[in-house]
Amino acid sequence: MMKNKAIALSAVAALTLAGCTTNPFTGQSQISNTAGGALIGAGGGAIGGAVIGSAVGGDPRIGALIGAGVGALAGGAIGNYMDQQEAALRAQLQGTGVSVTRVGDQIILNMPSNITFATDQATVQPQFQNTLTSVALVLQEYNRTLVDIIGYTDSTGSDSYNLTLSQQRATAVARVLSQNGVDSRRFFVEGRGEANPVASNDTEAGRAQNRRVEIKIIPIRS
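What you are looking at is a predicted structure, and each value in this text was computed from that prediction instead of being measured.

J.: Help me understand the overall build of the chain in this model?
T.: A count of helices and strands for the chain gives eight helices and seven strands. Within the chain, the proportion of its 222 residues that are buried is 45%. Partitioning the intrachain contacts of the chain with sequence separation of at least 6 by distance along the chain shows that 71% fall at a separation of at least 24. When the accessible surface of the chain is split by element, carbon and sulfur atoms take 51% of a total near 10000 Å².

Printed below as a string of structure tokens:
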């Protein structure tokens with residue numbers, strides 16, 4: 001398994017790394033409250049509550065959200081809730097270039113970099129802001145879900161460069177969602193560089209598919 005990497009904010013990467021603490025319940029690293037507040041001030045209020053590390057098992061987000069009054073889902077209510085959310089996302093994202101895929105009780109949004117970012121840049125393109133605003137509206141309405149935001153690149157360039165760029169792009173998407181009202185305590189944000197390709201890196205068409213940000217929407221189970 002690929003070693004998990006910390007989230008990188010281009011302007012405040014050193015602050016982020018210096019402000020990491022270990023969650024005593026999960027053993028995973030996460031941003032301390034102090035560093036989170038500094039990130040909000042420095043980065044425009046984006047992802048101070050995002051978790052760094054594995055989003056699998058003992059997820060600290062669930063306890064925090066339930067403690068804040070967000071209800072969990074159980075039984076048949078899960079499928080119905082995700083069905084409604086999927087339908088809302090498909091309606092909002094039709095014709096945007098973002099694909100909506102249902103995998104069991106999870107929903108995956110695939111955002112190709114050619115519609116999201118300029119080449120080698122980590123600033124969301126202005127024309128894509130409205131698309132992310134539409135996603136944010138649905139996520140606010142269906143708030144009983146966790147939101148994993150994962151950045152990927154193709155295999156061109158060095159591993160370290162690709163990892164940093166993917167981290168910055170995932171963080172940029174998270175920032176826009178947060179600025180549009182999505183609770184950042186729901187977020188898991190990570191860059192994985194050239195890992196997990198969905199197509200061959202031997203062709204330009206394949207590399208284009210691999211340059212992407214994925215948003216995975218997961219129900220909060222009771």
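Now, onward.
J.: Please explain the pattern of salt bridges as it appears in this structure.
T.: Charged atoms that come close allow side chains of opposite charge to pair. Taken as a whole and assessed by the stated rule, the structure comprises twelve salt bridges. In this structure, the salt-bridge partner of Asp 83 is Arg 102, at a minimum N-O distance of 2.9 Å. Here Asp 83 is found in helix α4 (residues 76–93), whereas its partner Arg 102 is found in strand β3 (residues 99–103), with 19 residues between them in sequence. Close ionic contact of Glu 204 with Arg 207 constitutes a salt bridge, the shortest N to O distance being 3.4 Å. Of the two residues, Glu 204 and Arg 207 both sit in helix α8 (residues 204–210), three residues apart, roughly one turn of that helix. For Arg 207, a relative accessible area of 19% corresponds to the buried category. Connected via shared salt-bridge partners are Asp 83, Glu 86, Arg 90 and Arg 102.

J.: When you look at the confidence of the model for the chain in this model, what are you seeing that I'm missing?
T.: If pLDDT is low for a region, its predicted coordinates should not be looked at in detail. For the chain, per-residue confidence averages 80 on the pLDDT scale, and 74% of positions sit at 70 or higher. Note that pLDDT drops below 50 for residues 1–57; the model gives that stretch 100 contacts with residues more than four away or on any other chain.

J.: Got a minute to help me understand the nonpolar core in this structure?
T.: Buried together is how nonpolar side chains tend to be arranged in soluble globular proteins. In this structure, Leu 109, Ile 149, Leu 177 and Ile 215 are the most contacted members of the largest nonpolar core, which totals 35 residues. Apart from the residues within four sequence positions on either side, Leu 109 is in contact with Leu 89, Leu 93, Val 98, Ser 99, Val 100, Val 135, Val 213, Glu 214, Ile 215 and Ile 217. Residues Leu 65, Leu 146, Ile 218 and Ile 220 belong to the second largest nonpolar core, which totals five residues.

J.: When you look at α4 in this model, what are you seeing that I'm missing?
T.: A turn of α-helix holds 3.6 residues, and therefore any two residues three or four places apart point the same way. Look at α4: 26 Å from first C-alpha to last across 18 residues, which is about the 26 Å you get at 1.5 Å a residue. Those residues of α4 that fall on the buried side of the exposure criterion are Ile 78, Tyr 81, Met 82, Gln 85, Glu 86, Ala 88, Leu 89 and Leu 93. On an axial view of α4, the arc spanned by its buried residues comes to 165°, and they lie on one face. Among the exposed residues of α4, those pointing more than 90 degrees away from its buried face are Gly 76 and Ala 91. For α4, the elements touching its buried residues are β3, β4 (106–112), α6 (126–141), β5 (145–152) and β7 (212–219). Two residues or fewer after α4 comes Gly 95, characterised by a positive phi angle close to 80°.

J.: Would you take a moment to explain the sheet that holds strand β6 (residues 187–191) for this structure?
T.: Spatially, five strands are ordered β3-β4-β7-β5-β6 in an open sheet, and the strand pairing comes out mixed. In the strand order of this sheet, the two ends are held by β3 and β6, each with one partner. Each strand axis lies, on average, 15° off the axis of its neighbour in the sheet, ignoring direction. Where β5 and β7 come together, eight bridges link them in antiparallel fashion. Counted as the bridge partner of Ile 150 is Glu 214 from β7. Sitting on the sheet, helix α3 (residues 60–67) is in contact with β5 and β6, with an inclination near 140° to β5.

J.: In this structure, what is going on with the environment of Ala 174? I would like to understand it.
T.: If you trace the backbone, Ala 174 turns up in helix α7 (residues 159–179). Once the C-alpha coordinates of Ala 174 and Ile 149 are considered, the two residues, 25 residues apart in sequence, prove to be 6.9 Å apart.

Rules used in this analysis
- Each chain has its residues counted from 1, following the order in which its sequence is written.
- Side-chain atom pairs in this predicted model are given and counted only at pLDDT of 80 or more, local residue features only at pLDDT of at least 70, and totals for whole chains, interfaces and linings cover all residues.
- Note: side-chain values were computed over all heavy atoms of the structure, leaving out hydrogens and water.
- Runs of E in the DSSP output that reach at least two residues are strands. Runs of H or I that reach at least four are helices, and both are numbered from the N terminus.
- A simple rule labels every residue: compare its accessible area, found with a 1.4 Å probe on the protein chains alone, to the largest value its type can have, and call it buried under 20%, exposed over 50%, or partly exposed in between.
- Should any heavy atoms of two residues lie within 4.5 Å, those residues are counted as being in contact.
- Accessible surface is estimated by sampling points in the Shrake-Rupley manner with a 1.4 Å probe; for residues, cover comes only from the protein chains shown.
- For this analysis, a salt bridge means a side-chain nitrogen from Lys or Arg found within 4 Å of a carboxyl oxygen belonging to Asp or Glu.
- pLDDT expresses, on a scale from 0 to 100, how confident the predictor is about each individual residue.
- Nonpolar core, defined: a set of buried Ala, Val, Leu, Ile, Met, Phe, Trp, Tyr and Cys residues in which side-chain atoms within 4.5 Å join the residues together.
- A helix's residues, less one, multiplied by 1.5 Å, set its expected span.
- By construction, the arc corresponds to the directions joining the helix axis to the C-beta atoms.
- Pairing between two strands requires that DSSP report at least two bridges joining them.
- Geometry is summarised by axes, namely lines fitted to C-alpha atoms with helices restricted to the contacting stretch, and by angles between N-to-C directions that run from 0 to 180 degrees.

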